[in-house]
Amino acid sequence: MLPDLADVLHTAGQLEQHTEHRIRSTAAMIFPVMMRGGLDANGGAGIAQTLKVRLIHSTIRNLILRGAPPDALQACLSALPPLAQPAAKPTLYQTLFARGWNVADSGLPCNQEELAYTLLTFSHVFLRSLRRLGIGLPRADEEAYLHAWNVVGHVLGIERGLMADTMEQAASLFARMQAQGRSQALVPDPRPALGTALMQTMAQSIPWPVVQPIPVLLTRYLCGRETAHDLGLDRRVPLASSALFWAMLLARGIDTLVRRWRPRFSISRTLTRVLGYHFMSRVLMSQTRPLQLPDGLLNQLDAVVKGWSEDPHAPAWLNQLEDRLTTHGSWNPGVARSRAAP
């Protein structure tokens, strides 16, 4: 995460005090984008949700700069000083408006580079993580996935030169942005507090105490030591949890061997599905707190999640083990029906 991008989230309190809300708001865009037809020009729900996000970005810019961004640049402001907060608990809008911002050092809030970097975390970092888990996609599918998120970037108004068409281009662009971000560190750095809040939320979704540190260990493994340090995730974890995590990674060796006879076999995929199920069911798909989406879209999402109930590429015994670690039968969370619940 870029320091100045983290600073906006920290100021708004959207990832520390309201972590689950921020995660669920992001999911309310990702699901419509990724569902079939989500990016269709004729009424795709992903397009509508992305436009909503673009309006949110515009609102944040105008509040922090206390006016339109062109006006702030035309005035050649090097820094906007913080304003006094109201005596009562300020609203999010009041907090952003009073925040202050150094235009010369940080550029405009929610600027092109920050948005492009975030877009790469949805596309490139996700695909890179699948590779590192041994469940990567074929190259053509990776490039199709990158293209889908480039469409999202276009709708968000991101310049085409800040998008990548291949994993090699994406890796180079992402590394350059990370290096530039690290050269402009903020003091104090807001990223460790944000990283801790996110990891705690993920840990709380896992029912087994020994497994709860796995999100920290997995983030270290997938993102690297330097990023883990940026996020304050380089602290010690219990030895039993570390041993379990490395045992999980050894499953990749078993997968490689078994795939000689069963090409789509993957214990790693099963373990990822188990962790994903608990996070999804307890944070994203809570029946008492449905995602803020239209009812028709929630019904579509309900059907999509139900289709994930069984891994068609896993043998029966592995699906049975997955059932014991998740839930028996359908993964159908009833997100649409929950709206009618008292």
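Everything that follows concerns the structure shown earlier in this document.
As the structure is a computational prediction, the values presented were derived from the model and not from experiment. (Residues numbered from 1 in each chain as written. Predicted model: local features only at pLDDT ≥ 70, side-chain atom pairs only at ≥ 80, totals over all residues. Heavy atoms only, no water.)

Would you take a moment to explain helix 14 (residues 239–258) for this structure?
When the terminal C-alpha atoms of helix 14 are compared, their 29 Å separation across 20 residues agrees well with the 28 Å that a helix rising 1.5 Å per residue should span. For helix 14, the complete set of buried residues consists of Ser-241, Ser-242, Phe-245, Met-248, Leu-249, Ala-251 and Asp-255. Down the axis of helix 14, the smallest arc covering the buried residues is 150 degrees, so these residues share one side. Residues Leu-239, Trp-246 and Leu-250 are exposed on helix 14 and point more than 90 degrees away from its buried face. Among the structural elements, helix 12 (214–223) and helix 15 (267–284) are those in contact with the buried residues of helix 14. (Helix = DSSP H or I, 4+ residues; strand = E, 2+ residues; numbered from the N terminus. Expected span 1.5 Å × (residues − 1). Buried < 20%, exposed > 50% of the residue type's maximum accessible area, 1.4 Å probe, protein only. Arc of directions from axis to C-beta. Contact = heavy atoms within 4.5 Å.)

What exactly am I supposed to notice about unusual backbone geometry here?
Trans is the prevailing form of peptide bonds, just as negative phi is the prevailing case for residues other than glycine. Not every positive phi belongs to a glycine, and Arg-66 is a case in point at roughly 60 degrees. Considering the arrangement of structural elements, one finds Arg-66 in the loop between helix 3 (45–65) and helix 4 (69–74). For Cys-110, which is not a glycine, the phi torsion comes out positive at approximately 55 degrees. Here Cys-110 shows up in the loop between helix 6 (103–106) and helix 7 (112–122). With relative accessibility at 6%, the residue Cys-110 sits in the buried group.

I tried to follow the pattern of salt bridges on my own but got confused; where do I start?
Pairing between side chains of opposite charge can happen when their charged atoms approach one another. Going through the model one piece at a time under the given rule, you end up with nine salt bridges. We note a salt bridge from Glu-226 to Arg-182, for which the minimum N-O separation is 3.5 Å. A residue pair is termed long-range when its members are at least 10 positions apart, and Glu-226 in helix 13 (residues 225–230) and Arg-182 in helix 10 (residues 167–182) qualify at 44 residues. Note that Asp-230 and Arg-182 form a salt bridge whose closest N and O atoms lie 2.7 Å from each other. (Salt bridge = Lys/Arg side-chain N within 4 Å of Asp/Glu carboxyl O.)

How should the side chain of Asn-111 be read in this particular structure?
Looking at where Asn-111 falls in the secondary structure, it is placed in the loop between helix 6 and helix 7. Using a relative accessible area of 17% as the deciding quantity, one classes Asn-111 as buried. In this structure the side chain of Asn-111 is engaged in a polar contact, spanning 3.1 Å, whose partner is the backbone nitrogen of Glu-113. A polar side-chain atom of Asn-111 sits 2.9 Å from the main-chain amide nitrogen of Glu-114. (Polar contact = N/O pair within 3.5 Å; in protein donor to acceptor, adjacent residues only side chain to side chain.)

Please explain the packing of aromatic side chains as it appears in this structure.
Summed over all chains, the structure comprises seven aromatic pairs. Geometrically, the ring pair formed by Tyr-221 and Phe-245 is edge-to-face, given 6.1 Å between the ring centres and 75 degrees between the ring planes. In this pair, Tyr-221 sits in helix 12 while Phe-245 sits in helix 14, placing the two residues 24 residues apart along the sequence. Given a relative accessible area of 27%, Tyr-221 falls into the partly exposed group. When the ring of Phe-245 is compared with that of Trp-246, the centres are 5.6 Å apart and the planes differ by 70 degrees; the resulting orientation is edge-to-face. (Phe/Tyr/Trp six-rings, centres within 6.5 Å; stacked < 30°, edge-to-face > 60°.)

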